[in-house]
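Structural characterization, general
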Amino acid sequence: MYSGYVAITGKPNVGKSTLINTLLKRTVAITSPKPQTTRNQIKAIYEDKDLRIAFIDTPGWHEPRFKLDLFLNSQIKSSYKTADATLLLVDLTRPFDNEDEKIISLIKEYKISNVILVLTKSDLSNSKKITAYQEKISGLIKLHTTIVVSSKQSTGLSELIDSIKQLLPIEERELVIEDNDNFTISEIIRRQVIFNLQQELPYATAVIIELNNYDKFTNTLNIQAVIVVEKESQKPIVIGKGGSMIKKIGTMSRKDLMNTYASKVNLKLFVKVKKEWRNDEKFLKDIGYSNK
């Protein structure tokens, strides 16, 4: 049995979460057109007849403005310490910039070997761009190989799995991933906040699960969650006129939760203001955004 951990890394919005969802054929990481959607390491198991991979989906690296950002970047660094192989994702539709260079410098700093360059969104690119990116990045860092993929068209994925397999040890070992229902539930709700609110507001929101209780007799999941914002002026935006927005977020979240847990869902949502929570170390620690 080939088995091991594989970190998925790259700058924001290059398709990391979409790739892991496509490989596993289910939603394990929330996605949106907005960068910096992923906030935690998300681990999920891919299995084949002689292969087990624990993929670690990481936040996209970005210049820190808040203490929350420092935590997000730390998630990338800690994934390198765990991984047997690392996927460096680069978006073919966007220019190679300082954020790509920062990821490469981190890989160099941590002396990461077994790096596979994954050029994403090939359905929107051409062979000239592919060659240019491959030549540029191979001149900056040692690569095991380069795989060109399109998650949208599901191309290059079998080649990617084969390349990963070559880098993993042959051994029977337990791949540890934390099964955290509160995290899953909060991410499902946060996804709907991101999709339904088009302002910059989603970056200033967090979701805290205050109640998560399953009634086996009625097959009902009872959830009470709080959407946290930073300013009083943001609260009515989340609630909406006559409660229309929070009702919409709740309805769509409930649908996703029912599909995820195959149960009835009783969901109650509230909105709370916590000023500058992204810079509040104690609050960040309380809601799981801290390594301390």
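Coordinates for the structure precede this section.
Attention here is on the structure that accompanies the text.

The rules behind each value
- Residues numbered from 1 in each chain as written.
- Predicted model: local features only at pLDDT ≥ 70, side-chain atom pairs only at ≥ 80, totals over all residues.
- Heavy atoms only, no water.
- Phe/Tyr/Trp six-rings, centres within 6.5 Å; stacked < 30°, edge-to-face > 60°.
- Buried < 20%, exposed > 50% of the residue type's maximum accessible area, 1.4 Å probe, protein only.
- Pairing = 2+ DSSP bridges.
- Helix = DSSP H or I, 4+ residues; strand = E, 2+ residues; numbered from the N terminus.
- Axes fitted to C-alpha atoms, helices over the stretch in contact; angles between N-to-C directions.
- Contact = heavy atoms within 4.5 Å.
- Core = buried A, V, L, I, M, F, W, Y, C linked by side-chain atoms within 4.5 Å.
- Polar contact = N/O pair within 3.5 Å; in protein donor to acceptor, adjacent residues only side chain to side chain.
- Parallel < 35°, antiparallel > 145°, perpendicular 65-115°, else oblique.
- Left-handed = near helix turned anticlockwise from the far one by under 90°.
- Nonpolar A, V, L, I, M, F, W, Y, C, P; charged D, E, K, R; others polar.
- Expected span 1.5 Å × (residues − 1).
- Arc of directions from axis to C-beta.

What follows deals with the packing of aromatic side chains. Enumeration according to the criterion identifies two aromatic pairs in this entry. With 6.4 Å between their ring centres and 75 degrees between their planes, Tyr 46 and Phe 55 make a pair best called edge-to-face. Each of the two residues, Tyr 46 as well as Phe 55, counts as buried. Between Trp 277 and Phe 283, the aromatic rings sit 6.1 Å apart at their centres with planes inclined by 65 degrees, giving edge-to-face as the arrangement. As far as burial versus exposure is concerned, Trp 277 and Phe 283 are alike and both buried.

As a further point, take the sheet that holds strand β9 (residues 264–273). Hydrogen bonding along the main chain pairs the strands of a sheet, whether they run parallel or antiparallel. Taken in spatial order, the three strands make up an open sheet running β7-β8-β9, and their pairing is mixed. Here the strands that pair on one side only, and so sit at the sheet edges, are β7 (206–215) and β9. Direction aside, neighbouring strands of the sheet carry axes that sit 15 degrees apart on average. Sheet topology note: the strand β8 (residues 220–229)/β9 ladder contains ten bridges and is parallel. What sits directly across from Gln 224, in β9, is Lys 268. Against the sheet, helix α6 (residues 181–196) touches β7, β8 and β9, its axis set at about 125 degrees to β7. Sitting on the sheet, helix α8 (residues 244–261) touches β8 and β9, and the angle it makes with β9 is about 140 degrees.

Now for the nonpolar core. In terms of nonpolar packing, the biggest core is built from 25 residues, with Ile 53, Phe 55, Leu 87, Leu 160 and Ile 164 touching the most fellow members. Put simply, the parts of the chain that give this core at least two residues each are β1 (2–9), α1 (16–24), β2 (42–48), β3 (51–57), β4 (85–91), β5 (115–120) and α5 (157–167). Per element, the largest residue contribution to this core is five residues, and it comes from α5. If near-sequence neighbours (up to four positions away) are discounted, Leu 160 is found in contact with Leu 19, Leu 23, Leu 87, Ile 116, Val 118 and Ile 147. Core analysis: the second largest hydrophobic core is formed by 21 residues, Ile 209, Ala 225, Ile 227 and Met 245 among them.

Our focus in this paragraph is the side chain of Gln 234. Relative to the helices and strands, Gln 234 resides in the loop between β8 and α7 (235–239). We classify Gln 234 as buried; its relative accessible area is 12%. A polar contact of 2.8 Å, which involves the side chain of Gln 234, links it to the backbone nitrogen of Glu 230.

Looking now at the packing of α6 against α8. Two numbers describe how α6 lies on α8: the axes approach to 9 Å, and their chain directions differ by 135 degrees. Looking at the two axes, α6 sits oblique to α8. By crossing handedness, the relation of α6 to α8 is classed as right-handed. Contacts between α6 and α8 involve Asp 181, Thr 184, Ile 185, Ile 188, Ile 189, Arg 191, Gln 192, Val 193 and Asn 196 from the former and Met 245, Lys 248, Ile 249, Met 252, Ser 253, Asp 256, Leu 257, Thr 260 and Tyr 261 from the latter. Among the residues forming the contact of α6 with α8, the class breakdown is nine nonpolar, five polar and four charged.

For the rest of this paragraph, the subject is unusual backbone geometry. With a phi angle near 50 degrees, Lys 111 is a residue other than glycine that sits in the positive phi range. Within the secondary structure layout, Lys 111 lies in the loop between α3 (98–109) and β5. Relative accessible area serves as the criterion here: at 71%, Lys 111 is assigned to the exposed category. Unlike most non-glycine residues, Ser 154 shows phi in positive territory, near 55 degrees. You can see Ser 154 is positioned in the loop between β6 (145–148) and α5.

Another point: α3. In this model α3 runs 16 Å from its N-terminal to its C-terminal C-alpha over twelve residues, within 8% of the 16 Å that 1.5 Å per residue would give. For α3, the full list of buried residues reads Glu 99, Asp 100, Ile 103, Ile 104, Leu 106 and Ile 107. For α3, the angular spread of buried residues about the axis comes to 155 degrees, placing them on one side. Capping the start of α3, Asp 97 holds a side-chain oxygen 3.1 Å from the backbone nitrogen of Glu 99, two or three residues further along. Among the residues trailing α3, Lys 111 stands out with phi positive, at a value near 50 degrees.

Time to look at the environment of Gly 156. Here Gly 156 lies in the loop between β6 and α5. Gly 156 gets classed as buried once you look at its relative accessible area, which sits at 13%. Leaving out residues up to four positions away in the same chain, Gly 156 has contacts with Ile 147, Val 148 and Val 149.

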